[in-house]
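Chains, contacts and geometry: an overview
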Amino acid sequence: QVTGTLEGGDSFTGNLTRLPGNNIGTYQIQMGTLALNSNYVITYIPADLTITAKAITVTAEAKTKTYGDSDPAFTYQITSGSLETGDNFTGSLTRLAGENIGTYPIQQGTLALNSNYTLTYVPADLTITAKAITVTAEAKTKTYGESDPAFTYQITSGSLETGDNFTGSLTRVVGENIGTYPIQQGTLALNTNYTLTYVPADLTITAKAITVTAEAKTK
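Quick summary incoming for the structure in this document. Owing to the predicted nature of the structure, the values given are computational and were not obtained by experimental measurement. Residue numbers restart at each chain and count upward from 1, following the sequence in its written direction. Confidence filtering applies because this is a predicted model: local features only for residues at pLDDT of at least 70, side-chain atom pairs given and counted only at 80 or more, and all residues used for totals across whole chains, interfaces and linings. Side-chain descriptors were evaluated using all non-hydrogen atoms of the structure, hydrogens and water having been removed beforehand.

Let us look at the pattern of salt bridges. Throughout this description, the term salt bridge denotes a Lys or Arg side-chain nitrogen within 4 Å of a carboxyl oxygen of Asp or Glu. The final tally for this structure, using the stated rule, is ten salt bridges. Across the pair K65 and E99 runs a salt bridge whose closest N-O atoms are separated by 2.8 Å. Residue K65 is located in strand β5 (residues 63–66), and its partner E99 is located in the loop between β7 (94–95) and β8 (102–107); the two are separated by 34 residues in the primary sequence. The exposure class assigned to E99 is partly exposed, which follows from its relative accessible area of 41%. Note that R172 is salt-bridged to D148, the shortest N-O span being 2.7 Å. Of this pair, R172 sits in strand β14 (residues 171–172) while D148 sits in the loop between β12 (140–143) and β13 (153–157), and the two are 24 residues apart along the sequence. Among the charged side chains, a network of salt bridges with common partners joins K65, D71, R95 and E99. Working definition: helices are DSSP H or I runs of at least four residues, strands are E runs of at least two. Numbering for both runs from the N terminus. Here's how the labels work: a residue is buried when its accessible area is under 20% of the maximum for its type, exposed when over 50%, partly exposed in between, all with a 1.4 Å probe on protein chains only.

The biggest cluster of nonpolar side chains holds 31 residues, and the ones touching the most others in it are L93, I106, L170 and I183. Secondary structure elements with two or more residues in this core: β4 (54–60), β8, β9 (117–122), β10 (124–129), β11 (131–137), β15 (179–184), β16 (194–199) and β17 (201–206). Only heavy atoms enter the contact rule, under which two residues are in contact if any of them lie within 4.5 Å. In this structure L170 touches A137, F151, T152, Y153, I183, Q184, Q185, L188 and Y198, once residues within four positions along its chain are discounted. For our purposes a nonpolar core is just a set of buried Ala, Val, Leu, Ile, Met, Phe, Trp, Tyr and Cys residues, chained together by side-chain atoms within 4.5 Å.

Now for the sheet that holds β13. Spatially, the three strands line up as an open sheet ordered β13-β11-β16, and their pairing is mixed. A strand with exactly one partner marks an edge of an open sheet, and here the two such strands are β13 and β16. Taken over all neighbouring pairs, the strand axes of this sheet differ in orientation by 30° on average, direction set aside. Here four bridges tie β11 to β13, and the two strands are oriented antiparallel to one another. The residue of β13 that forms the bridge with A137 is Y153. Here, any two strands with at least 2 DSSP bridges between them count as paired. Axis definition: a line fit to C-alpha positions, over the contact stretch in the case of helices; interaxial angles, taken between N-to-C directions, run 0 to 180 degrees.

So, about the environment of S147. One can find S147 in the loop between β12 and β13. On the accessibility criterion, S147 (63% relative accessible area) is exposed. Between the alpha carbons of S147 and N177 there is a distance of 12 Å; along the sequence they are 30 residues apart.

Turning next to the side chain of K142. Here K142 is to be found in strand β12. Judged by its relative accessible area of 3%, K142 falls in the buried class. Contacts described as polar in this section are N or O atom pairs within 3.5 Å, which, within protein, must combine one atom able to donate a hydrogen with one able to accept it, while residues neighboring in sequence count only if both atoms come from side chains. Looking at K142, its side chain comes within polar contact range of the side chain of E176, at 2.8 Å.

Written out as structure tokens, the structure reads:
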């Protein structure tokens, strides 16, 4: 702005400049090449150019894994703003600790930008889902009158994580006459980190062999 007036036909030449620099801060605006002809004495009053931080928003991407698996890579997208050429993120996202099934917030962790940015972080979740396990009962046989054999099973799909074990045992439909009796899951179970599928088999009770021998007689 000009304080005072120019005479008819006179005008300024040149331009203002400023101190160099592009990081956030205050830079003095200088007179540069601004000039009038020699009929004037110019008094220049400086001001400042202030560079403020650029706003960037990043949003974490939701992730899922199965109980027992390693964590997936935690990734994010820039959802507002953009990076200037040559600038990059440093650090990485983290999550709340825990390995049981459930939802765990993905946190900003060490993710950062230089001081020329104001970084806003929008979180998401890592969901740990139950691991599928299938057990199949083994078919059993006994003879009428005998005690039941041990009811056993095999894991036919999936596997247990270290430190996890089955609890409980298989049972069967009651009855002692010859025939076929389904072997049931009974109390066999795993902790809530698993989805357990049970495939039944049968206990077969067979007839007991008896031999009778007539006694010889005389009359």
